[in-house]
Structures are given as structure tokens and as C-alpha cells.
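Below, each chain spelled out in residue letters.
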Amino acid sequence: MDAKTLIKLKKQLLSERERLLNAASSSRKSDFSIATEDLADETDLTSVELSQGIVFTLREKEQRTLADIDEALQKMEDGSFGACEDCDEQISAKRLEIYPTARFCIVHQEEREKRKKFYVA
Ligand SMILES: [Zn+2]
């Protein structure tokens, strides 16, 4: 991968990281307002629990994305960015531009997804 693409992807990752962190801090603020409303109106507890569940799920997903971004940034530092974790082949720049946090080449990504489906079924 050429340095120009790498810098572009790094910028992309850093701004996505910032966006996630901002979203996380504003969702914490809205959590607080849910809790305040809850004190005022106890009958609405079910819907509050429900919406907090949704927020929790989002956060878990955001946390995973953040971890993926940090890992990709770390790999950029140590020079292993863009290599498939299974076969060490270089992941195509085209694929990395769409999924900068991709950890596997297309072959091994598909293999993993197939395996996942197999175990779920
Ligand atoms: Zn591979």
C-alpha cells in the first residue's frame, strides 16, 4: 500500500474514532435525562428499560468498532496494516478503502462468515 493511501485511511479512521467518541458522550448525556424522567414517572419504567437496552446494544457495538479502529491504527504504527491475519497476504487497497478495519483478505473473511453461519445453525 502506498503512503498516500495509508495517510488517507489513517485520517478516515481517526475521524471515525472521534465521531464514535462524541456519539458515546452525547448518548451518556441522554441516558442521564432518561433516568431523570424515570424518577418523575415510574409507570413508564418498561419503555425506559427498553430504550436503555437499545442504548446498551449500540454502545457495545460502538465499543467493538472503536477497538477495531484502535487495532488498525496500532497496525499502521507497527507496519502490519493491511495484511490478512490468516495468510499474511496484502488485503487489496480497494477493500481497505471501504473497510479500513478489515483484518482478513476477502477469501478468509468469507471463510470466517461461512464458519460462523455453520456454528449458529
Ligand atoms: Zn487471507
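Residues numbered from 1 in each chain as written. Predicted model: local features only at pLDDT ≥ 70, side-chain atom pairs only at ≥ 80, totals over all residues. Heavy atoms only, no water.

Draft legend 1. Here's a closer look at the layout of surface pockets. In this model, the largest pocket occupies a volume close to 390 Å³. Asp-68, Arg-95, Tyr-99, Thr-101, Ala-102, Arg-103, Phe-104, Gln-109, Arg-112, Glu-113 and Lys-116 together form the lining of the largest pocket. A per-element tally of the lining of the largest pocket places helix H4 (residues 106-120) first, with four residues. Residue composition of the lining of the largest pocket, grouped by class: three nonpolar, two polar and six charged. By volume, the second largest pocket is sized at about 320 Å³. (1 Å grid on protein atoms, 1.4 Å probe; cavity = no way out; pocket = protein on both sides within 12 Å on 5 of 7 lines; lining within 4 Å. Points joined across faces, edges and corners; volume = space filled by probe spheres on them. Helix = DSSP H or I, 4+ residues; strand = E, 2+ residues; numbered from the N terminus. Nonpolar A, V, L, I, M, F, W, Y, C, P; charged D, E, K, R; others polar.)

Draft legend 2. The arrangement of the pattern of salt bridges in detail. Overall, the coordinates contain ten salt bridges when judged by the stated rule. Close ionic contact of Lys-8 with Glu-97 constitutes a salt bridge, the shortest N to O distance being 3.4 Å. One end of the pair, Lys-8, is in helix H1 (residues 3-40); the other, Glu-97, is in helix H3 (residues 93-98), with 89 residues separating them in the sequence. Here the residues in one salt-bridge network are Glu-71, Lys-75, Glu-85 and Arg-103, joined through shared partners. (Salt bridge = Lys/Arg side-chain N within 4 Å of Asp/Glu carboxyl O.)

In short, shape yes, function no, at least from these values alone.
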